[in-house]
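# Remarks on the overall topology
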Amino acid sequence: MGYTERPRRIVRPTLGTGQSHAPAAPAPAPGIARRELYGPRSAALLEAVRRLDAGLDEQASRSLADWVREQYTTSYGSVPLGFVARCCLGPPYVDHQLNLFHVIVRHFAPAEQMPEPFSAARMLARSGGYAYVEVYADGLVLPVLDDGTVVRP
């Protein structure tokens, strides 16, 4: 982390209630049922998002991104603009952005600025406490734990 960045605490849902103690964030777009949007992500979906950064050829990446978009649309009622996750490539990269609409995978060094609205998810992704962080067009940022649990804002 650079000198201008500060660590953020990792928020995990409390056992039994599914609630967390995180500060409020913007509400999802109108017409999206919160219950659906905050439902746990399936193991297949978690694996598919991980594979988007696995160096697949362009056709395989597009096919996988189409499948991920379909899963979000049918299961959760909304498709994120993309994802931010910790990068496993090593130095100089620390995190990456995945964009489902054009299947762009872009890796970022610590000094590089991430474009809006993805920059809001950057420190959460760098913490290493989440599988990835979903970024929505309305500014909603939803961290997803390794077990698929979505951390409510």
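The structure reproduced in this document is the subject of the present report. A quick note: this is a predicted structure, and the numbers were derived from the prediction, not measured. (Residues numbered from 1 in each chain as written. Predicted model: local features only at pLDDT ≥ 70, side-chain atom pairs only at ≥ 80, totals over all residues. Heavy atoms only, no water.)

For the rest of this paragraph, the subject is the overall build of the protein. Helix and strand counts for the protein stand at four helices and five strands. Traced from its N-terminal end to its C-terminal end, the protein shows the element sequence α-α-α-β-β-β-α-β-β. Looking at the 153 residues of the protein, the share that counts as buried comes to 41%. Counting only contacts in the protein whose residues sit at least 6 apart along the sequence, the fraction spanning at least 24 positions is 50%. If you sum the accessible surface of the protein, you get close to 8,400 Å²; carbon and sulfur atoms cover 54% of it. (Helix = DSSP H or I, 4+ residues; strand = E, 2+ residues; numbered from the N terminus. Buried < 20%, exposed > 50% of the residue type's maximum accessible area, 1.4 Å probe, protein only. Contact = heavy atoms within 4.5 Å. Areas by Shrake-Rupley, 256 points an atom, 1.4 Å probe, with all protein chains shown as cover.)

Turning to the packing of aromatic side chains, a few remarks are in order. Inspection of every chain in the model, using the stated rule, returns three aromatic pairs. Ring centres of F83 and Y132 lie 5.0 Å apart, and the angle between their planes is 80 degrees; this geometry places the pair in the edge-to-face category. With F83 in strand β1 (residues 82–86) and Y132 in strand β4 (residues 132–135), this pair connects stretches of sequence that are 49 residues apart. One aromatic cluster is present, built from ring pairs that chain together Y72, Y76, F83 and Y132. Residue placement shows R41 over the ring face of Y76; its charged tip is 4.1 Å from the ring centre. (Phe/Tyr/Trp six-rings, centres within 6.5 Å; stacked < 30°, edge-to-face > 60°. Lys NZ or Arg CZ within 6 Å of the ring centre and 35° of its normal.)

Let's shift gears to helix α3 (residues 58–76). Along an α-helix, residues three or four apart share an orientation, since each turn contains 3.6 residues. With 19 residues, α3 extends 26 Å from end C-alpha to end C-alpha; this agrees with the ideal 27 Å at 1.5 Å per step. Among all positions in α3, only S61, L64, A65, V68, R69, Y72 and Y76 are buried. With its buried residues spanning 140 degrees around the axis, α3 presents them on a single face. Summarising the geometry of α3, the exposed residues directed more than 90 degrees from the buried face are Q59 and T74. Looking one or two places after α3, you find G77, whose phi comes out positive at around 80 degrees. (Expected span 1.5 Å × (residues − 1). Arc of directions from axis to C-beta.)

Scanning the entire structure with this criterion turns up three salt bridges. Residues R50 and E47 are paired through a salt bridge, measuring 3.8 Å at the closest nitrogen-oxygen approach. Here E47 and R50 lie together in helix α2 (residues 43–51), a separation of three residues that amounts to about one turn. For E47, a relative accessible area of 39% corresponds to the partly exposed category. Here D66 and R69 are joined by a salt bridge, their closest N and O atoms 2.0 Å apart. (Salt bridge = Lys/Arg side-chain N within 4 Å of Asp/Glu carboxyl O.)

Okay, the packing of α2 against α3 next. At a minimum axis distance of 10 Å, the contact between α2 and α3 shows a crossing angle of 145 degrees. Crossing of α2 against α3: the hand is left-handed. Here A44, L45, A48, V49 and R51 of α2 lie close against α3, whose contacting residues are L64, W67, V68, Q71, Y72 and Y76. (Axes fitted to C-alpha atoms, helices over the stretch in contact; angles between N-to-C directions. Left-handed = near helix turned anticlockwise from the far one by under 90°.)

So far we have only geometry, and geometry alone does not tell us how the molecule works.
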